[in-house]
Amino acid sequence: METIKIKYFGQDLQKLEYIGGKSDWIDLRASETVELKTGDFKLIPLGVAMELPAGYEAHVVPRSSTFQNYGILQTNSCGVIDGSYCGDQDMWKMPVYATRDTVIEKGDRICQFRIMENQPEIVFEETESLENGDRGGFGTTGVQ
């Protein structure tokens, strides 16, 4: 089991918890109330900073209900927080675009994260052929 140092930006923020057996994603909450108008962009503060273990990064994505409940889209689709973003003032934030007028209340669960091992070092070897046959298309169907 890994231990992660976490700093909360407020004594009144709900503490993060790992719920074993349900999912290995951990919910993150807005640490302040945010009002957005259609077309607004905002970095929503999540109220935490973490010191990830060496060799790990965090992937942050919206919860499945976020768009339905708030009409916001995470503008970087999947946020990647690398291990170097670990200072006392490096609060995690969610970049969003509002598709409708909305209010996100302090404490609302708007995104989730998981910790992933960094990709191992790789070397690319150039070749003229991959020798696996031509599937003739795109995706799993092979149809363009």
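Scope of this entry: the structure provided in the associated data block. In this text, all values refer to a predicted model and were calculated from it rather than measured experimentally.

This part covers the environment of Val 96. In this fold, Val 96 is placed in strand β9 (residues 93-98). Sequence separation between Val 96 and Ala 49 is 47 residues; the distance between their C-alpha atoms is 19 Å. Not counting residues up to four positions away in its chain, the partners in contact with Val 96 are Leu 36, Asp 40, Phe 41, Lys 42, Ile 44, Ile 72, Leu 73, Gln 74 and Thr 75.

This brings us to the packing of aromatic side chains. Under the definition given, this model contains one aromatic pair. Centroid distance Trp 92 to Phe 113: 5.2 Å. Interplanar angle 85 degrees. Geometry classified as edge-to-face. Highlighted residues: Trp 92 in the loop between β8 (79-81) and β9 and Phe 113 in strand β11 (residues 109-117), separated in sequence by 21 residues. Among the residues examined, Trp 92 registers a relative accessible area of 1% and is labelled buried. Here the guanidinium or amino end of Lys 15 rests over the ring plane of Tyr 8, the centre of that ring lying 4.2 Å away.

Attention now moves to the sheet that holds β9. Within the open sheet, the three strands sit side by side as β4-β9-β7. Their pairing is antiparallel. Taken across any chain shown, the strands that pair with only one partner, and hence form the sheet edges, are β4 (41-45) and β7 (72-74). Put simply, the sheet's adjacent strands are angled 40 degrees from each other on average, direction ignored. Pairing of β4 with β9 involves five bridges; the strand directions are antiparallel. Bridging across to β9, Ile 44 finds its partner in Met 94.

Further remarks concern the nonpolar core. Counting 23 residues, the largest nonpolar core has Leu 28, Ile 44, Ile 72, Trp 92, Ile 104, Ile 110 and Phe 113 as its most contacted members. Only β2 (26-29), β3 (34-36), β5 (48-51), β6 (56-62), β9 and β11 provide two or more residues apiece to this core. If sequence neighbours within four positions are ignored, Ile 72 has contacts with Leu 36, Ile 44, Thr 66, Phe 67, Val 96, Tyr 97, Ala 98, Thr 102 and Ile 104.

Basis of the calculations
Residues numbered from 1 in each chain as written. Predicted model: local features only at pLDDT ≥ 70, side-chain atom pairs only at ≥ 80, totals over all residues. Heavy atoms only, no water. Helix = DSSP H or I, 4+ residues; strand = E, 2+ residues; numbered from the N terminus. Contact = heavy atoms within 4.5 Å. Phe/Tyr/Trp six-rings, centres within 6.5 Å; stacked < 30°, edge-to-face > 60°. Buried < 20%, exposed > 50% of the residue type's maximum accessible area, 1.4 Å probe, protein only. Lys NZ or Arg CZ within 6 Å of the ring centre and 35° of its normal. Pairing = 2+ DSSP bridges. Axes fitted to C-alpha atoms, helices over the stretch in contact; angles between N-to-C directions. Core = buried A, V, L, I, M, F, W, Y, C linked by side-chain atoms within 4.5 Å.

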